[in-house]
Amino acid sequence: MLRIGRNTDPVDAQILDVTEQALLIEDIKPRERRLELTPDVEVSVSGRRQGTFIYVEKVRVLSVDAERGLPFVRLSLPTSMLIQQRKSERFNLSMSVVAQGAGVILHRDKALEGELIDISLGGCRAAFDCLVEPPFADHEVIAKATLKLANHIALEACATIRHHHWDKHKNKTICGIELTQMDVMNRRRLERFVRALSRQK
C-alpha cells in the first residue's frame, strides 16, 4: 500500500524487487493514480504478510520506467523501517458476535466509536464510519480504549494506533490498534473471549 504526498487515500501496489539502489514498485491501482508518482514526490509504503507489518516513510520517487510495456516506479531506499511481528493469532468476529454489539470506543477529545473487525490477545482491527477528525497521528497513544465484546462484556485498556487508512470503497476508516496496557482482570476476560473464538474456527 502506498500513500502519495499528502493524499490520505492510499493506493494498492506490489513490490517488484529491492536492489542496492532502489525499491521497485509495480501494479499500482487505480491506474490513474500513477500520474501522481512524479520524480521527487514523497511516499510512504506499508504492507502485511504472514502476520508481519512493515512500514516505511519519507521515501521519494526516483523515476517512473517501463519494461516490455509494463510500468514500474523506482523509490529511494528508506533510512529506517518499522517492522511489527504479530505475537498472537488474530480471529475474525462472527456475525453473531457483531450482532451482539461488539465494538470499540476510543476516548479522544471526542469519543470515537467503531466496529471490531478482528481481535487477538495483543490488539484488534477496527472500522469507523467516518473520516476521522482530527486524523490519527502516527503511533497515536489512546489513554483509554473500551472494547465491547459479546454478552455486554466491556474491557478497558491503554492503546496505540499502529496503522490506519481510509477505505473509499467502504467509506470507512480502518485502523490497527495495539492494546499496550490492561489490568489483570480485563486481560483474563479478553483471554477467555479469544479462546472462545478460537474454538469456533
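About the criteria used
- Residues numbered from 1 in each chain as written.
- Predicted model: local features only at pLDDT ≥ 70, side-chain atom pairs only at ≥ 80, totals over all residues.
- Heavy atoms only, no water.
- Buried < 20%, exposed > 50% of the residue type's maximum accessible area, 1.4 Å probe, protein only.
- Helix = DSSP H or I, 4+ residues; strand = E, 2+ residues; numbered from the N terminus.
- Pairing = 2+ DSSP bridges.
- Expected span 1.5 Å × (residues − 1).
- Arc of directions from axis to C-beta.
- Contact = heavy atoms within 4.5 Å.
- Polar contact = N/O pair within 3.5 Å; in protein donor to acceptor, adjacent residues only side chain to side chain.
- Core = buried A, V, L, I, M, F, W, Y, C linked by side-chain atoms within 4.5 Å.
- Salt bridge = Lys/Arg side-chain N within 4 Å of Asp/Glu carboxyl O.

K.L.:
I'm lost on the pairing of strand β9 (residues 103-107) in this one. Help?
P.N.:
Put simply, side chains in a regular strand alternate between the two faces of the sheet. Burial runs high along β9: 4 of the 5 residues are buried. Of the strand pairs in this sheet, β9 and strand β10 (residues 111-119) are connected by 5 bridges, and their pairing is antiparallel. Bridging across to β10, V104 finds its partner in G114. Where β9 hands over to β10, the hairpin turn is made up of 3 residues, counted between the paired strands. Of the pairings in the sheet, the one linking β9 to strand β12 (residues 141-148) comprises 4 bridges and is antiparallel in character. Paired with L106 across the bridge in β12 is A145.

K.L.:
Help me understand helix α2 (residues 184-199) in this model?
P.N.:
Residues spaced three or four apart along an α-helix face the same direction, because each turn holds 3.6 residues. In this model α2 runs 23 Å from its N-terminal to its C-terminal C-alpha over 16 residues, within 8% of the 22 Å that 1.5 Å per residue would give. Residues N186, R187, L190, F193, V194 and L197 constitute the buried set of α2. End-on, the buried residues of α2 take up no more than an arc of 125°, which puts them together on one face. Turned more than 90 degrees away from the buried face of α2, the exposed residues are V184, M185 and R199. The inward-facing, buried residues of α2 contact β8 (91-92), α1 (95-99), β10, β13 (154-167) and β14 (172-181). The residue sitting at the N-terminus of α2 and contributing the capping side-chain oxygen is D183; that oxygen lies 3.3 Å from the backbone nitrogen of M185.

K.L.:
Is there a simple way to explain the nonpolar core in this structure?
P.N.:
Within soluble globular proteins, side chains that are nonpolar generally end up buried alongside one another. Core analysis: the largest hydrophobic core is formed by 31 residues, its most contacted members being L106, I119, L147 and I177. At the level of secondary structure, the elements contributing two or more residues to this core comprise β9, β10, β11 (123-128), β12, β13, β14 and α2. Sequence-distant contacts of L147, defined by excluding residues within four places in its chain, comprise G103, V104, L116, I119, C124, I153, A154, L155 and L179. Counting residues in hydrophobic clusters, the runner-up holds 16 residues, among them I28, L37, V45 and V56.

K.L.:
What am I meant to see in the pairing of β11 here?
P.N.:
Of all 6 residues in β11, 5 are buried, a share of seventy percent or more. Examined bridge by bridge, β10 and β11 share 4 bridges and lie antiparallel to one another. Bridge pairing in β11 links E115 to A127. Two successive antiparallel strands, β10 and β11, enclose a turn made up of 3 residues. Of the pairings in the sheet, the one linking β11 to β14 comprises 6 bridges and is antiparallel in character. Looking at the pairing, G123 lines up with E178 of β14.

K.L.:
I tried to follow the pattern of salt bridges on my own but got confused; where do I start?
P.N.:
A pair can form between side chains of opposite charge whenever their charged atoms are brought close. For the structure on display, the rule yields 12 salt bridges. The partner of R108 in a salt bridge is E140, and the shortest N-O contact between them spans 3.0 Å. Highlighted residues: R108 in the loop between β9 and β10 and E140 in the loop between β11 and β12, separated in sequence by 32 residues. For the pair R108 and E140, a shared accessibility class is recorded, and that class is buried. With a closest N to O distance of 2.4 Å, D129 and K172 form a salt bridge. A residue pair is termed long-range when its members are at least 10 positions apart, and D129 in the loop between β11 and β12 and K172 in strand β14 qualify at 43 residues.

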